[in-house]
Every structure is written in C-alpha cells, then in structure tokens.
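# Per-entry structural report
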Amino acid sequence: MLAWTIYISFLGAALLMVLPGENPRPARVIALLTALAGLIIAAIAVIDCNRHSAAGVLTDVANASWIAELGIRYHLAADGISLVLALLTAIAAVAGILFSWNIETRTREFFALYLALIGGVYGVFLSVDLFLLFVFYEIAIIPKYFLIAIWGSTNREYGAMKLALYSFVGSAMVLVGLIAAYVVAGGKTFDLVGLAKYPYPASFQNWAFIVVFVGFAILAGLWPFHTWAPTGHVAAPTAASMLLAGVVMKLGAYGALRVAMTLFPVGLHTWQNTIAVLAVIGIVYGALVALVQQDFKFVIGYSSVSHMGFVLLGLMTLSQIGLSGAVLQMFSHGIIAGLLFAVVGRMVYDRTHTRDLAKLQPMNLNRVIPFAAATFVVGCAASMGLPGFSGFIAELQIIVGAWKTFPIFAVIAAVGILAGVAYTLRVLVKAFFAEGIAAPPKLPDCDRISLPERAGAVLLLVCTLVIGLFPRLLLELITPSLNSPLMKPLWKAGLR
Amino acid sequence: MNLYLECLTGLTPEGMVIATALIVLLVDLAVVQEKPQTYRTALAGAITCLGCSMAMNWVALMPASVHVAMLAVSPMTQWLKLLLLLMTFFVAVLSWHQRITRHAGEYLAVLLLGASGLMLLVSSDNLLMIFIALELLSISLYALTAFDKESRASSEAALKYLLFGGTSAAFTLFGISLIYGLAGDIQLNFIAARLRGLPGEPLFYVALVMTLVGFAFKLAAAPFHLWAPDVYQGAPTPVASFIASGSKVASFFVLARILLTAFPGARGTASLDGFVPGWAPIFVVLAVVSMIAGNVAAIVQTNVKRLLAYSAVAHAGYALLALLADQRHALSALLFYTITYAFTVLGAFAVVGVVENSGRPASLGEFAGLSRRAPLLSFCMLIFMLSLAGIPPLSGFFGKFYVFTAAASAPPQLSLLWLVVLAVAASAVSLYYYLQVLKQIYAVAPPQSASPWLRPPLSAQVAIVTLAVIVVALGCAPDLLLGKITALLKSHPF
C-alpha cells in the first residue's frame, strides 16, 4: 500500500504530461488530488504502524528481484523513521501545491515536475536496496533543476545549475562509496540489511564513511558545502523552495543516517567529532549570516542551514535522545521552513514583487495582509523554538543529547538558538511590524489572501502545533526504530 | 565443398545486405532515374528497410553456429548482428527526410555496404579478416561522410577522416604483421597459445600498441579522437549517428574479442602499486585521457553535434573501463554499455537531424524553446540527454553503474577504484553540458523568428519515440538486455 505513494506521484506526473491544453485549472486539481492521495496513504500507513507497534522493524512494502546479475532487488520497506519522513513529504507536497495555485505559465509542466520530484523523494525514504535508493535519489535532482530554471526568480539559471551540480557531485560521492561497499562485501547484494551485517575493515570504513556521509550531507546543507542552499532557495519558485528546504534537505540527512552511519559505524566513530564541529559551525554561521541579510528569502535560506546544522549535530551525538531529536527536527523543520517560505515567496513576494527588507519596511504589511503577518508570527515562534511548537521539543532533545556527548558544542549551539531568535525577530519586525509612514503606499494588485493559501497555512500550522503539543505521536515511531537491530552497530560504536 | 557451403550459410545475412545494396543501386540507376526526386528517395529507402528487415529475420530465425577458417558465427554474433541491423534500419529511416543528396540510391547502398562491414567485423576471428572488415566499414564511412556535396564542411570532414583513418589503419596493419611474425599465426585463438611465455619481449609490446592504435581511432578514444568533432559536425547527421552507434558497438566487441582471446596473458595491471606492462595500462591511459579531454572540451561547445562528438569521446573512455574489469563482467558490462549508448546517441542525433532540417546548423540557439514548438520531440531529447548524463532510471545510468561496478571489482579488489572515482567525477562534470542543451529546450523562450510549431516527418517521429522507449525500458528493466547478454555469454563465450 505504502508503495503507492511513489507510484501515484509518478502516475500523476505522467497524466499531467499527456494532459491536452494549457488550461491551468485541471492541472492544479489533478496535482492536488495526487498529493492528497499520497497524504492519505502515508497517514494510513502511520496509523497502521502505530496500531501494530511495528515501528521498530523494517516492514516490507515490496520485494522482488530486479537485476539478477548484480543481486539488485526492488526492495521497499518502512520503519518508524521512514514513515515520519514519508508523512512529512506528503504534508509538504500538499502544502506546496496549495501555495502554487497561482502558477499560470506552463502549469501542467510545473506540476508534472513537482510530482516527479515528490515521487523520487518518497522512493528514497522507502528504499532498502541501496541501488534503488540511489536511483530515487538521483531522480529527485533533475526536476529541481527545471523547477528553478523555468519558474524561478532572482538569478535562476545560476541557482538551478549550482543546485544540480552540487547534488550531482554529492551523489557521485555516494555512488563511489556504494560501489566500494558492494564490492568489498563480495558483490552479492545491495540490500541495506545485508550490507550492514558485513564487518567492513576499519581502514575501509574510515574513508568510505566520510565519502558517503559528506556526499549525502551536501544536500543536508553541511557547512562548508551549504552554499547551494541559500542561492537555490532564493532562486526557486515558492513551492520548490518549500520542497527544497522542507523535504530535499532531509533526503541528505536521511541518507547520512540510513546509509553512511548504519553501514560504517567504525568510520562514524572516527569522524564523529569533526562532523559535529562542522555542524555547530553551520548552526552559528547560518544564524549569523541570516542576521545581516537584506533579502527576505535569504534570511529564511540561511536559517535553513542553521536548523539543518541541528539535525547533523543531533546525528553526531550518537545518543538516543539526540538521534530522536534529529529525526524530529527533520520533520519539524520541514513543516516550519515550508511555512516561512510560503509566507515570503507566495504571500509577500507575489503581491509586493520585492523581497528587499528595506522596501518592505514602509509597506506596513501587517495591515495590508494581516493573515500573512499572523501566519508569519506563528511560524517565527515555531522557528525560534518556543515551547508548544515542534521546533522546541526537537532542538531541546538535540541540545540535551549534545550535552551528554560534547558539552561545549551544546553551549555553542544554544548560542546559535539565541542568534536565531535575533534574526527571526529582526525580520519579523522589518517585514511586517515596522513603524511605517502613516499612509502605506497603495499596492495595486495586493489581493486578499486566497483560500488555497489559507488552507496550506492552516495545514502547516496545525502540524507544527500538534507535534509540539503531542511529540509522542512521532516519537513513538522514531524511538523503536532507533533500537532496531539495524541500528545496533551504531550504539556499539558510539556512546549510549 | 562442404566447407564453402558452411561458410556461405554463415554469411547469408551479410550476403542479403550486400544484395540489397546492389538492388538499391540497380533500381535507382535503371528503373527510376527519370522519376521525381521524392519518389526515388522513398523507393530506395523502402528497399533498404526491407532488406534490413529480411536480414534481421534471417538472423533471428536461423541461429547458425559456424566456426570455419576465418569465420566465427555463434548465437552471440548473430544476436549482435541483429542489433547492428536494427541500428542500420534506424539510420536508414532517419535519412529518409534529410535532404542529404539527390542520389539516395547511392547513399543507401554505401550505408548498406558499411552495415555488411559491421556484420563481418563481429563474426571474424582472424586478424586479417578483422582488418578487411574494418576497412570495408571505414571506406564506406569515409564516402558517407562526404555525401553532402553541397557542404564544404562535409568534404573537409571526410578528408580529415580519411587521412586520420588511413594512417591509423597503417599502424594497425603493421602491428598485425609484427604479431604474425611473433606468433606465426593470425587466427586469434592460436595466437594466444603461441604467445604463451612470450610477454616480456619488447617487440610484442610494440606490436600490441601498434595494433591498438587503429582501434583507439575507431572508438574515438583520446588522443586519437581529433577527427571526431569535425566528422560528427560535418557529416550528414544520420551518418554521424551511424558512426557513433553501430560502428562503435562492433569495434568495441571485436576489440574485446582480440584482447580476451588472443592476448589474455598480456593483460598487465594498472593498479597504482604494482604496475605490470600489458594492454590494461594502455587502456587506463586512454580511458583517463578520453574522459578528461572529452568532458572538458564538451563544456565549451556551442554546436550540438560537436558537443555530442566530445561526449562520444568521454563515453569511449567510460566504456574502456569495462575492458579492465574481471573476466566475468567485462564483456557483459561492455556490451550493455555500448548497446544502450548506441540507441541513445541514435535518438539524440535523430532529434538534432529534425531540428537541423529546418535549415540552419545545429547550434545550441537553434534548440531554444523547442519544448514549445515540439513537445514530444523535446521530451525524447530530454530522455536521451539525461541518459547520456547517466541519470536513472534511464539505460545510460545502469550502463555506467555496471561498468563502474565491474571495474571496481576487478581483481585485486578496488585496485581500480581511483579510476572509478575519476570516471564518476567526469560524469558529474558532464551533467553541466547536457543540461545546457536541455536548458535551451525547456527554459529559454523560442526566438521570435521561429515558426510556432516544428512538424517533424512521421517516420522520424516514430523512430525517435521508439528509441526513447528503448532507452527508458532498458533503464527500468536492465534485465531485458542484461539477461540476454549473460545467457549468451554463458553458452558461447564468443
């Protein structure tokens, strides 16, 4: 059943491609229905998993021989972590479509590429055969390029090419690591579970781990390989930046956890501190750079680098609480970043045609588009990590985990949170609540916030609130997966 | 008598192709000389396609197994001939709408002679016979390249091709003569037996390098690739696709056969620590230079045909990695790679041919906004370009993946990993220039002067869509092709 999240997305994309005519309405409706179907399937799978408390084991979704000669199987399976991320993908997909309701040019192609990207992302989260995982991982690259290069704004061709090449270089590194792991293990299987059982020699793990980890982490915005993220986010159309920050960056973090850390626990131990340092630098650097940006979207772009730094730091704590915080942060940041990008890109930019904070300042936007202002206030609160929102519980867990493993980093990361509060409040005041001139300039096409926008915003707000108030809902999925036999070697290598 | 009969049965498909060539010529000359141009073209094309189909039928239905004198006909070679004929068929179909020449009969006859050269090439296991087949193929290709008599570039390309080709053929012939002198035989499997114990002899390595020069030229492996950009650009587009597809598959196959049957003992190793001279190090050098030179030069190209030429150089480099793999995977990886590459590049050139047919050279700008003017064609081009770049789930991805995996598992394990790293990096670079083409097609607006719709002829459209379907199908289900290859290799190594 869960496999249909993948198939239905690709089918939707194919349907949109053959759809005759240029009328945008049917294209939107088809895209929305496809994404909703994905959301329903993912939600059912989550509920099902909870009911059977099956989060701790990889439950097969599909398993068939694919390329016999190399022992490659079409093997999809899900445990709690994959389910959480599949659910995130489904929510982000629906919200993204709601916020691209105003795409008028080449609507069909836009949504076809969008759904193809979504299908690839689902595929990565559900694959157990690493060849298959890699295939889906690369499928997700190309739609991103076109979404930005065709529908993007500032510097779109540069941003799109930079993003595509960074992703491709990252996946090239992953490919080298995977091939090497496959060959060393005897060239029989690409199955994650099978390969994880193979005792790779330490010397091999030491280089293979860092190659695969960095290959994935490039997409997760690991400093200093993060530079694609801000430019890519800024150049992308709203829905694409929502997906980029909301889901695509999680592909990187997920791959780092699922593949690099699971396969090479000894290598992980060797590199743990180094990567933690990079993660902490990312947290602080992203926050500080966000503090001085003049472009509204760049602020959110750099904040993503900072928040993803928390994910990577959480992974490196190698403690249960830190890891579960990292996975929760993936979900939480996916929702919150989507929300913030939606406000910036759709609600503000599409109406004012500027993202320059200096120009937005006199516009008194909180009066002109109060709904956007309210949404942004709540989104900012969640992003800052205020209690009651999902960001709080996730970042708290990561800091606690980090405190156990490397206390100094926990302190520095907490400073990063403070800087986060600073840049968030700054942008909030500048964009919406500046003491403007008495009579704000008339914005000619400043129409009211439309229904799809309201629906999308409410969907994301509800998600971050519900998870903030009842984190148990997701932690019940995440924690058993961390104790699964697949993750055992991780604990053996690191601290507990 | 019996021997001749057996030879003749084995050579029937080649005979059919040659007979078709003669019929095409004859009909064109004697029967329809006075008829209008389009009628003549259509008739010649129809006869060519019919002849190819009949030969394909024969190969598919009569799996002969002959091994006499200079001829080795096995299910493997029969199956390869089937594919080569299929490629020729596509080239003939795609030539149909191109205004290459007023003498379609002659053009197609030469194309068929080239095809017969290809077929002979894959089923000869004798150095002299291989040389003759290579020359038959090459001379046909020289003539085909020059066929556009109204274009200066075409003649220039042909001359360049001829001069380079002639020189490298001389090298190969000289190498073969040295091998004959050393081994006293030109039959591949006997050479292996005679040469046992010989490696170490300097003259042998001279002979080996000399022989390989001709093949490196045919494969457009750097530094023997200098003809490729001019020929790909100057030659009529279907001819360029023939050079890039059929000619490459056959040359790679016969190269692998020579190395693996005649010189298995002279392999050598190319790992960084523990160098042993032999042919493997030669190919490592060729592969490294090809991958770097091809990819770097392709980045700055503005003509799509020239870009495809440099990409072909890079792809020859990737394919050479397969030869370095262990015995079990080498040939199947090589065949899978070259066959899928051939179909992809046929499709890419077919799209270029359609765009170019509207009058101007195939510069990148000509592709601007193509997705608005010909959506189906653009989508097929997307598939071909991404397959060349190695994006899953297209066949180019699995081809590369298999070659890289095979090379990495060559004993001793991971000794060639550095080469795989280089290849993967080169392939990441290549995404840039393939995306340049796709950016023109999808992201750039069409020029004001362009007609709103580009209407490709139906024959070309059907061929292009078929090729795109093949590329996607072999990528999603590589077992379709790989299963066949491994089954054939298991029963009949060559």
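Below you will find a few notes about this structure. The structure presented is a predicted model; accordingly, all values stated were derived computationally and were not measured.

What follows is about the overall build of chain B. Of the regular secondary structure elements, chain B holds 21 helices and two strands. The C-alpha atoms of chain B give a radius of gyration of 22 Å, which matches the 23 Å a tight globule of 494 residues would have. Taking the principal axes of the C-alpha coordinates as reference, chain B spans close to 70 × 55 × 40 Å. A buried classification covers 63% of the 494 residues belonging to chain B. Put simply, of all contacts in chain B between residues at least 6 apart along the chain, 79% involve residues at least 24 apart. Accessible surface for chain B amounts to roughly 17200 Å². Of this, 70% is attributable to carbon and sulfur atoms.

Here we come to a nonpolar patch on the surface. Residues and elements named next belong to chain A. On the surface, a nonpolar cluster with roughly 570 Å² of combined accessible area is contributed by V458, V462, L465, V466, L469, F470 and L473. Considering each element in turn, the nonpolar patch owes the most residues, five residues, to helix α20 (residues 451–469). Residue class for L469 comes out exposed when judged on its relative accessible area of 53%.

On to unusual backbone geometry, then. Following W223(A), the chain continues to P224(A) via a peptide bond in cis, the omega torsion being 0 degrees. Position of P224(A) among the secondary structure elements: in the loop between α9 (202–217) and α10 (228–235). Cis geometry marks the peptide bond from P392(B) to P393(B), where omega comes out at 5 degrees. Mapped onto the secondary structure, P393(B) falls in the loop between α17 (375–389) and α18 (395–408). Backbone geometry places R106(A), a non-glycine residue, at a positive phi of 50 degrees. By the secondary structure assignment, R106(A) is in the loop between α3 (80–99) and α4 (107–126).

Opposite the 41 residues of chain B that make contact, chain A presents 36 residues. Both sides together, the interface formed by chain B and chain A hides about 3400 Å², and carbon and sulfur atoms give 78% of it. On the chain B side of the interface with chain A, the three residues burying the most area are R372(B), F401(B) and L435(B), jointly 15% of the side's total. In this assembly, chain B and chain A are joined by two salt bridges. Across the salt bridge formed by E109(A) and R372(B), the nearest N and O atoms sit 2.6 Å from each other.

Here we come to the nonpolar core. Ranked by internal contacts, the top residues of the largest apolar core, which has 416 residues, are M261(A), L313(A), F376(A), F432(A) and F263(B). It is helix α15 (residues 327–357) of chain B that contributes the most residues to this core, 20 residues altogether. Setting aside chain neighbours within four positions, we find F432(A) in contact with F296(A), V343(A), V348(A), N364(A), L365(A), N366(A), A372(A), A373(A), F376(A) and V427(A).

This brings us to the pairing of strand β1 (residues 59–67) of chain A. All names here are of chain A. With seven bridges joining them, β1 and strand β2 (residues 72–78) adopt antiparallel strand pairing. What sits directly across from N63, in β2, is H75. The hairpin turn running from β1 into β2, its antiparallel successor, is four residues long, and G71 in that turn takes a positive phi close to 70 degrees.

Attention shifts here to the packing of helix α3 (residues 37–61) of chain B against helix α5 (residues 104–122) of chain B. Residues and elements named next belong to chain B. Contact geometry for α3 and α5: axes closest at 8 Å, N-to-C directions at 20 degrees. Classified by the angle their axes make, α3 and α5 are roughly parallel. Here α3 and α5 pass one another in a crossing that is right-handed. Facing T41, A44, G45, T48 and C52 of α3, the residues of α5 in contact are A104, G105, L108 and L112. Considering only residue class, the contact of α3 with α5 consists of five nonpolar, four polar and no charged.

Below, the discussion takes up helix α12 (residues 265–291) of chain A. Along its 27 residues, α12(A) runs 37 Å from first to last C-alpha, staying within 8% of the 39 Å computed at 1.5 Å per residue. Along α12(A), the sharpest change in direction is near 55 degrees and occurs at W271(A).

What follows is about the packing of aromatic side chains. Describing an aromatic ring pair means giving the distance of the ring centres and the angle of the ring planes. Taken as a whole and judged by the stated rule, the model has 46 aromatic pairs over all chains. Joined through ring pairs, the aromatic side chains of W66(A), Y74(A), F131(A), F134(A), Y182(A), F190(A), F336(B), F397(B), F398(B), F401(B) and Y402(B) make up one cluster. Over the ring of Y349(A) we find R355(A), and its NZ or CZ is 4.8 Å from the ring centre. Directly above the aromatic system of F371(A) lies the positively charged group of R454(A), at a separation of 4.8 Å from the ring centroid.

Further remarks concern the pattern of salt bridges. When the charged atoms of two side chains with opposite charge come close together, those side chains can pair. Residues and elements named next belong to chain A. All told, the structure shown has 14 salt bridges over all chains when counted by the stated rule. Where R51 meets D48, a salt bridge forms, and the shortest distance between an N and an O atom there is 3.9 Å. Of this pair, R51 and D48 both sit in helix α2 (residues 24–51), three residues apart, roughly one helical turn. Residue class for D48 comes out partly exposed when judged on its relative accessible area of 34%. With its nearest N and O atoms 3.1 Å apart, the salt bridge here joins R106 to E109.

Let us now look at helix α14 (residues 320–352) of chain A. All names here are of chain A. With 33 residues, α14 extends 46 Å between its outermost C-alpha atoms, agreeing within 8% with the 48 Å of an ideal straight helix rising 1.5 Å per residue. At A342, α14 shows its largest bend, some 30 degrees. With its phi angle positive at about 60 degrees, H353 sits one or two positions after the end of α14.

Next up on the list: the environment of S155(B). Residue and element names in this part refer to chain B. Turning to its location among the elements, S155 is positioned in helix α7 (residues 152–183). On the accessibility criterion, S155 (37% relative accessible area) is partly exposed. Separated by 30 residues in sequence, S155 and D125 place their C-alpha atoms 34 Å apart.

With that out of the way, let us pick up the environment of V73(B). Position of V73(B) among the secondary structure elements: in strand β2 (residues 71–73). Along the backbone, V73(B) and V122(B) are 49 residues apart, and their C-alpha atoms lie at a distance of 8.7 Å.

Residues and elements named next belong to chain B. By the secondary structure assignment, S138 is in helix α6 (residues 127–145). The exposure class of S138 is buried, given its relative accessible area of 4%. Distance in space between the C-alpha atoms of S138 and K218 is 8.6 Å, their sequence separation being 80 residues. Polar contacts involving the side chain of S138 include one to the side chain of K218, which spans 3.4 Å.

If you trace the backbone, T48(B) turns up in helix α3. Classification of T48(B) by relative accessible area gives buried; the value is 0%.

We now examine the packing of helix α4 (residues 75–95) of chain B against helix α12 (residues 246–262) of chain B. Residues and elements named next belong to chain B. Direction vectors running N to C along α4 and α12 enclose 160 degrees, while the axes themselves pass 9 Å from each other. One element, α4, and the other, α12, form an angle in the roughly antiparallel class. The crossing of α4 and α12 is left-handed. When α4 is examined against α12, the residues M76, T77, L80, L84 and M87 are found in contact with a partner set consisting of G246, V249, A250, F253 and R257. The residue makeup of the contact of α4 with α12, split by class, is seven nonpolar, two polar and one charged.

Rules used throughout
- Residues numbered from 1 in each chain as written.
- Chains lettered and ligands numbered in written order.
- Predicted model: local features only at pLDDT ≥ 70, side-chain atom pairs only at ≥ 80, totals over all residues.
- Heavy atoms only, no water.
- Helix = DSSP H or I, 4+ residues; strand = E, 2+ residues; numbered from the N terminus.
- Rg over C-alpha atoms; globule rule 2.2 N^0.38 Å.
- Buried < 20%, exposed > 50% of the residue type's maximum accessible area, 1.4 Å probe, protein only.
- Contact = heavy atoms within 4.5 Å.
- Areas by Shrake-Rupley, 256 points an atom, 1.4 Å probe, with all protein chains shown as cover.
- Patch = residues over 30% accessible without salt bridge, like charges linked within 9 Å, V, L, I, M, F, W, Y side chains within 5 Å.
- Salt bridge = Lys/Arg side-chain N within 4 Å of Asp/Glu carboxyl O.
- Buried area = accessible area lost by both parts, 1.4 Å probe.
- Core = buried A, V, L, I, M, F, W, Y, C linked by side-chain atoms within 4.5 Å.
- Pairing = 2+ DSSP bridges.
- Axes fitted to C-alpha atoms, helices over the stretch in contact; angles between N-to-C directions.
- Parallel < 35°, antiparallel > 145°, perpendicular 65-115°, else oblique.
- Left-handed = near helix turned anticlockwise from the far one by under 90°.
- Nonpolar A, V, L, I, M, F, W, Y, C, P; charged D, E, K, R; others polar.
- Expected span 1.5 Å × (residues − 1).
- Bend = angle between axes of the 7 residues up to and from the residue.
- Phe/Tyr/Trp six-rings, centres within 6.5 Å; stacked < 30°, edge-to-face > 60°.
- Lys NZ or Arg CZ within 6 Å of the ring centre and 35° of its normal.
- Polar contact = N/O pair within 3.5 Å; in protein donor to acceptor, adjacent residues only side chain to side chain.

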